[in-house]
Amino acid sequence: MSPLTVREMGLADCERVSEIRVRGWRHAYRGLMPQSYLDGLSVAADAGKRRTWLTQGDGSVVNLVAEQAGEILGWAAYGPYRDGEVRTADAELYAVYADPAHLGRGVGRALLSASLERCAAFPRMFLWVLKENAAARRFYERAGFRADGAEEPFDVDGVPVPEVRYAKALSG
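Residues numbered from 1 in each chain as written. Predicted model: local features only at pLDDT ≥ 70, side-chain atom pairs only at ≥ 80, totals over all residues. Heavy atoms only, no water.

Colleague: Give me the lowdown on the pattern of salt bridges, citing residues and values where you can.
Modeller: Scanning all chains against the criterion turns up 13 salt bridges. The partner of E67 in a salt bridge is R7, with the nearest N and O atoms 3.1 Å apart. Note that E67 is positioned in strand β2 (residues 62–68) and R7 in strand β1 (residues 4–8), a separation of 60 residues in sequence. When the shortest N-O distance is used, the salt bridge between E8 and R118 registers 3.3 Å. Of this pair, E8 sits in strand β1 while R118 sits in helix α4 (residues 107–118), placing them 110 residues apart in sequence. Taking relative accessible area as the criterion, R118 reaches 39% and is therefore assigned partly exposed. A cluster of three or more residues bridged by salt bridges with shared partners is formed by R16, E19, R23, E71 and D99. (Salt bridge = Lys/Arg side-chain N within 4 Å of Asp/Glu carboxyl O. Helix = DSSP H or I, 4+ residues; strand = E, 2+ residues; numbered from the N terminus. Buried < 20%, exposed > 50% of the residue type's maximum accessible area, 1.4 Å probe, protein only.)

What follows is the structure in structure tokens.
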């Protein structure tokens, strides 16, 4: 089997990354948010947004893909921590998704490890995870992240879905 590699995402990767993201949301969040919202997710619309962000962004958000034998199996994004509209000195992991067909094969771990390595100069890394997403919470806890007590609702089609914040010290 060929090795799993992690690299920065390019424009040509947008469609596959969006497919992974939409399939990931439908898999991970079934029963945790309105099914009508999950059913309404569009790979094409998501890919269009990703292309715009890559071409018009300020470069502060980094998108990574995990690839094996030429196939993209996962995606992660990180950048400055956003406290509302204010960016802080910390990093934030915005997303980590593995294609549901490849869960448990180290794709998410590879993406998380690469993100942490690239953010080593930041004091901390934060992330938000759905409170009821036990599998994701275990994944982050095994990587050394801890819930820090902050919670906020994420509005999905008018339904509040609670999120909890996790943090991990990176430097110092």
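There's plenty left to go through after this.
Colleague: So, the pairing of strand β3 (residues 71–83): which residues are in play, and what are the values?
Modeller: By the criterion of burial, β3 is predominantly enclosed, with ten of the 13 residues buried. With seven bridges joining them, β2 and β3 adopt antiparallel strand pairing. In the strand pairing of β3, E67 is matched with I72. Linkage of β2 to β3, two consecutive antiparallel strands, is achieved through a turn of two residues, within which A69 is found at a positive phi near 50°. (Pairing = 2+ DSSP bridges.)

Colleague: Explain unusual backbone geometry to me, using residue names and the numbers behind them.
Modeller: Not every positive phi belongs to a glycine, and A69 is a case in point at roughly 50°. Classification of A69 by relative accessible area gives exposed; the value is 70%. With phi around 50°, D157 is a residue other than glycine that occupies positive phi space. With respect to the helices and strands, D157 occurs in the loop between β6 (146–156) and β7 (159–169).

Fair warning: the whole summary comes from geometry, so function is off the table for now.
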